[in-house]
Amino acid sequence: MSAAVRPEHFRVTRRKLLLIAAAMALFGLAVVWPAFELCRLLLAADPAAFSAARAVRATLCAGGFFLYAYWQMARLALPRAIAPGQRA
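For clarity, every value in this text was computed on a predicted model and none was experimentally measured.

Caption draft 1: Looking closely at the packing of helix α1 (residues 14-43) against helix α2 (residues 52-77). At their nearest, the axes of α1 and α2 sit 8 Å apart, and the two run at 150 degrees to each other. The hand of the α1/α2 crossing is right-handed. In this structure, α1 contributes R14, L17, L18, I20, A21, A22, M24, A25, L29, W33, E37 and R40 to the contact, and α2 contributes R54, A55, A58, T59, A62, F65, F66, A69, Y70, M73 and A74. Each residue belonging to the contact of α1 with α2 can be placed in one class, and the counts come to 18 nonpolar, one polar and four charged.

Below is the structure:
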């Protein structure tokens, strides 16, 4: 069996889901938010772009997105407990 089709590559763990959710939140914080703020600074000439208050809001949004993404992935991907005698 080749390495590309081993079943252990497709096992979902809470650690993998946390890593994926953290990467998604960091992408939003490190790439998406600065892009929006740069557009705001260059196109709208907003002097408040990249302010501390906006950075705090962006960090809180990224944290909320992390929690929501992890919750959804865990709900959809992790196996549920099946009672004895029930079918999956």
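Caption draft 2: Seen up close, the nonpolar core. Of all hydrophobic cores here, the largest spans seven residues; its members are L17, A21, A69, Y70, M73, A74 and L78. Those elements that provide at least two residues to this core are α1 and α2. Looking at this core, the element that brings in the most residues is α2, giving four residues. Apart from residues lying up to four places away in sequence, M73 is in contact with L17, I20, A21 and L78.

Caption draft 3: Highlighting α1. Compared with the 44 Å implied by 1.5 Å per residue over 30 residues, the 42 Å span of α1 between its first and last C-alpha is a close match. At G28, α1 shows its largest bend, some 30 degrees. Those residues of α1 that sit buried are L17, A21, A25 and E37. Turning to α1, the residues buried within the fold contact α2. Downstream of α1 by a residue or two, A45 has a phi angle that is positive, lying close to 55 degrees.

Caption draft 4: Just the pattern of salt bridges, in detail. Under the counting rule described, the total for this entry stands at two salt bridges. Here R40 ties to D46 by a salt bridge, and the two come within 2.5 Å at their closest N and O atoms. Since its relative accessible area comes to 36%, R40 is described here as partly exposed. When its relative accessible area of 15% is taken as the criterion, D46 is described as buried. A salt bridge links D46 to R54, with the nearest nitrogen and oxygen atoms 3.2 Å apart. The residues D46 and R54 share a single accessibility class, namely buried. It is possible to trace a salt-bridge network through shared partners that takes in R40, D46 and R54.

Cut-offs applied
Residues numbered from 1 in each chain as written. Predicted model: local features only at pLDDT ≥ 70, side-chain atom pairs only at ≥ 80, totals over all residues. Heavy atoms only, no water. Axes fitted to C-alpha atoms, helices over the stretch in contact; angles between N-to-C directions. Helix = DSSP H or I, 4+ residues; strand = E, 2+ residues; numbered from the N terminus. Left-handed = near helix turned anticlockwise from the far one by under 90°. Contact = heavy atoms within 4.5 Å. Nonpolar A, V, L, I, M, F, W, Y, C, P; charged D, E, K, R; others polar. Core = buried A, V, L, I, M, F, W, Y, C linked by side-chain atoms within 4.5 Å. Buried < 20%, exposed > 50% of the residue type's maximum accessible area, 1.4 Å probe, protein only. Expected span 1.5 Å × (residues − 1). Bend = angle between axes of the 7 residues up to and from the residue. Salt bridge = Lys/Arg side-chain N within 4 Å of Asp/Glu carboxyl O.

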